[in-house]
Amino acid sequence: MPKIIYKDNHGNSKTIEVDNGLTVMEGAIQNDIPGIDADCGGSMACATCHVYVEEKWLNKLLKAEEAEVDMIDMAYEPKKNSRLSCQLIVSDELDGLIVTTPEKQS
Amino acid sequence: MKKTDVVIIGAGPVGLFAVHQLGIKGLKAVVIDNLDKAGGQCIELYPDKPIYDIPAVSECTGEELTKNLLEQIKPFNTEFFYNERVDEVKQDKDNWIVKTNKNNEFTAPNIIIAGGVGSFEPRKLLVKDSEKYEGKSLFYSVKNKDEFKNKNISIFGGGDSALDWTLELSKFSKITLIHRRSDFRGAPHTLAEIKKLEDEGKISIKTPCQLDSIIGEKNIESISIKFEDGKIEKIKTDTILSFFGLVMKLGPIAEWGLNMNKKTIEVNSKNFETNKKGIFAAGDICYYPGKLKLILSGFHEVALASVECFKRARPNEKYRFEFTTSSKNIQDRLGKK
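Residues numbered from 1 in each chain as written. Chains lettered and ligands numbered in written order. Predicted model: local features only at pLDDT ≥ 70, side-chain atom pairs only at ≥ 80, totals over all residues.

A. Spotlight on the interface of chain B and chain A. Tallying the contact residues gives 15 residues for chain B and 12 residues for chain A. Classifying every residue of the side of chain B that touches chain A gives seven nonpolar, three polar and five charged. (Contact = placed C-beta atoms within 7 Å. Nonpolar A, V, L, I, M, F, W, Y, C, P; charged D, E, K, R; others polar.)

Right, dumping it as structure tokens:
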């Protein structure tokens, strides 16, 4: 099972095994990772599952669609490596993915 | 104080269908919602996005679903209270007293909380001192555009609201439009107009950058924005308009003594009552083992909750289960001959 590394903004990290096909958001919610709220449940409508993706992983991810980029505009402190974790689907290629949660979600 | 059988909190699809399920049982309800119209998340978050899992409706948008639900509950002439948030819920013997932030009061034996993820509120700026200026020189919506005449206005955001107000207010104020990306999202016609105004020097556009700080004493005097490359620029500003969409806040619901599971309310899956007799929760806001956040689950939940509501509102009558296809009573209530 791929391992996803969730870091908070203080640098504490937790490594979680997440099933292929689940999203990085679901992996967080099911394992009580703090810092990911996912208020809308993954319908790309709220930007409260916003994460920063470690630079080296950025081009291994499918590019964000327009709707996601629009939603990231609404997120707290968006950066170049901002993604919505509900749109990142876990696969073997993402084994070791490191995401950092922002200081707050809204 | 208004008396009714059920106070429904939330005018999303589940709150609307609750009106139906109560109405066919002969119960009166009022609906309170913090937004200015019915539909909840369906209208606010995805009015144009298709929904594919409403039984017997292979495809519809959030807007269509809302319109159809409103049509379905028309016979019940339900009173809606929009732009109001329920702040307080108090027990009064077998009844509940519900108070809103506009000081409306209701009393009823039942409350159905169909509040989704809470009430929608504008996403606020998080820089230092921003609350201090809120409502005076920092705004999250434009209520009366006359108050925005002859000002230096900095508008934040890259979507429709930011673009539309930039166009409108640029007729009589100096506008700086600020966005974190160089792309704006709007109708091609709007984008063309914005470009034209910029080319003519009538508005100023700053991208890619974000608000760094607000400078002022009693009123805003200027702001500083930070570009992606770290460069800082100061902009003379007396008014800020910020359009970063809405966030959902659970708000006062958390303080009513209900058993909570994170941001959701614990209910039993027999009649969706909470730990307080006569207070029910349905739709996205309720939690029970196996809960799915689907619109259709919410419909089921209010159907069952409405039976218990009947028993509480009509303690001296016996509840009789009836089908809409064959019940004369129900058809009368629906105004069918």
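Past the structure itself, the notes keep going.
B. The environment of G159 of chain B, seen in detail. Following the sequence through the fold, G159 of chain B ends up in the loop between β13 (152-156) and α5 (160-169). For G159 of chain B and A187 of chain B, which are 28 residues apart along the polypeptide, the C-alpha to C-alpha distance reads 9.5 Å. For G159 of chain B, the contacting residues outside a window of four places in its chain are D70 and D73 of chain A together with R185, G186 and F243 of chain B. (Helix = DSSP H or I, 4+ residues; strand = E, 2+ residues; numbered from the N terminus.)

C. View of helix α1 (residues 13-23) of chain B. Summarising burial for α1 of chain B: 11 of the 11 residues are buried, a large majority. Looking only at α1 of chain B, the buried set comprises P13, V14, G15, L16, F17, A18, V19, H20, Q21, L22 and G23 of chain B. (Buried ≥ 20, exposed ≤ 12 C-beta atoms within 10 Å, placed from the backbone.)

D. Spatial organisation of the nonpolar core. Residue and element names in this part refer to chain B. I8, A18, I111, I112, I113 and A282 are the most contacted members of the largest nonpolar core, which has 107 residues in total. Broken down by element, this core gets its largest block of residues, seven residues, from helix α7 (residues 295-313). Aside from chain neighbours lying at most four places away, what touches I112 is V6, I8, A18, F280, A282, V302 and A305. (Core = buried A, V, L, I, M, F, W, Y, C linked by C-beta atoms within 7 Å.)

E. Helix α3 (residues 62-72) of chain B, seen in detail. All names here are of chain B. Those residues of α3 not exposed but buried are G62, L65, T66 and L69. In a view along the axis of α3, the buried residues occupy a sector of 95°, so they form one face of it. Looking at the buried positions of α3, the neighbouring elements they touch are α1, α2 (41-44), β4 (50-51) and β5 (60-61). (Arc of directions from axis to C-beta.)

F. Structural view of unusual backbone geometry. A cis amide bond, omega -20°, links T207 of chain B with the succeeding residue P208 of chain B. With respect to the element layout, P208 of chain B can be found in the loop between β15 (203-206) and β16 (209-216). A positive phi angle, near 45°, is found at E77 of chain A, a position not held by glycine. When you line up the elements, E77 of chain A lands in the loop between α2 (66-72) and β4 (82-84). Owing to 14 C-beta atoms within 10 Å, E77 of chain A belongs among the partly exposed residues under this scheme.

G. Up close: the pairing of strand β2 (residues 6-9) of chain B. Residues and elements named next belong to chain B. Neither face of β2 is exposed, since V6 and I8 on one face and V7 and I9 on the opposite face are all buried. Across four bridges, the pairing between β2 and strand β3 (residues 29-32) is parallel. Opposite V6, over in β3, you have A29 as the bridge partner. Across four bridges, the pairing between β2 and strand β10 (residues 110-113) is parallel. Of the residues in β10, the one forming a bridge with V6 is N110. (Pairing = 2+ DSSP bridges.)

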